[in-house]
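# Inside the fold
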Amino acid sequence: MSINILYCFDENYNQQALASMISLLDKTSEIIDIYIVHNNPESLAKLSNFIKSHKKTGKIIITKFDKKNFTFPNIENSHVSEATYYRLFIEDLLPDDLEHVLYLDA
């Protein structure tokens, strides 16, 4: 069985997320499946290739958050970003057969 980790972030946190994932993978004795919700998955090409080659990486599932029908309050001139709201939708964005997941902030 693997450990399921969820990250929700945007391009502003790609490097921080990479650092978090590498640290986690380097320090675990278990296989880790990584789930990512992101507004621009294409910006993660380097990130996902680097993480995929780690010996403790199971699978990486990257889901694009499509915000067409949502308005997010208080994100202008604030420490809160759009990605802060992604976690409110995780039930709709993660696989139905996923029994458990640990959310980590990038």
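Model, not experiment: these values are computed from the prediction. (Residues numbered from 1 in each chain as written. Predicted model: local features only at pLDDT ≥ 70, side-chain atom pairs only at ≥ 80, totals over all residues. Heavy atoms only, no water.)

### Here's the deal with the nonpolar core
In terms of nonpolar packing, the biggest core is built from 14 residues, with Tyr7, Phe9, Met21, Ile34, Ile36, Leu47 and Ile51 touching the most fellow members. Put simply, the parts of the chain that give this core at least two residues each are β1 (3-9), α1 (14-27), β2 (32-38) and α2 (45-52). The greatest single-element share of this core, amounting to 4 residues, is contributed by α1. Sequence-distant contacts of isoleucine 51, defined by excluding residues within four places in its chain, comprise Leu18, Met21, Ile22, Leu25, Ile34, Thr57 and Ile60. In terms of nonpolar packing, the next biggest core, distinct from the first, is built from 11 residues, Leu6, Phe65, Tyr86 and Leu94 among them. (Core = buried A, V, L, I, M, F, W, Y, C linked by side-chain atoms within 4.5 Å. Buried < 20%, exposed > 50% of the residue type's maximum accessible area, 1.4 Å probe, protein only. Helix = DSSP H or I, 4+ residues; strand = E, 2+ residues; numbered from the N terminus. Contact = heavy atoms within 4.5 Å.)

### With respect to the environment of isoleucine 5
Residue position: isoleucine 5 is located in strand β1. Sequence separation between isoleucine 5 and isoleucine 34 is 29 residues, and the spatial gap between their C-alpha atoms is 5.0 Å. Each residue touching isoleucine 5, except ones within four places of it in the same chain, is listed here: Leu24, Ile32, Asp33, Ile34, Tyr35, Val101, Leu102 and Leu104.

### A word on the pairing of strand β3 (residues 57-64)
Here β2 runs beside β3; their pairing, made up of 6 bridges, is parallel. Along β3, the bridge assignment pairs isoleucine 36 with isoleucine 62. Following the chain from β2 across α2 to the adjacent parallel β3, one finds a crossover that is right-handed. (Pairing = 2+ DSSP bridges. Right-handed = clockwise from strand over helix to strand, strands pointing away.)

### What to know about the packing of aromatic side chains
If you walk through the whole model with that rule in mind, you get 1 aromatic pair. With a centroid separation of 6.4 Å and 90° between ring planes, the pair formed by tyrosine 7 and phenylalanine 9 is classed as edge-to-face. By relative accessible area, which is 0% here, tyrosine 7 ends up buried. A residue is classified by how much of its surface remains accessible, and phenylalanine 9, at 2% relative accessible area, is buried. (Phe/Tyr/Trp six-rings, centres within 6.5 Å; stacked < 30°, edge-to-face > 60°.)

### So, α2
Those residues of α2 that sit buried are Leu47, Ser48 and Ile51. Projection of α2 onto a plane perpendicular to its axis shows the buried side chains occupying an angular sector of 90°, all on one side. Across α2 from its buried face, at more than 90 degrees, point the exposed residues Lys46 and Asn49. (Arc of directions from axis to C-beta.)

### Things to note about the environment of lysine 46
Within the secondary structure, lysine 46 sits in helix α2. On a C-alpha basis, the gap between lysine 46 and asparagine 14 in space is 10.0 Å, while along the polypeptide they are 32 residues apart.

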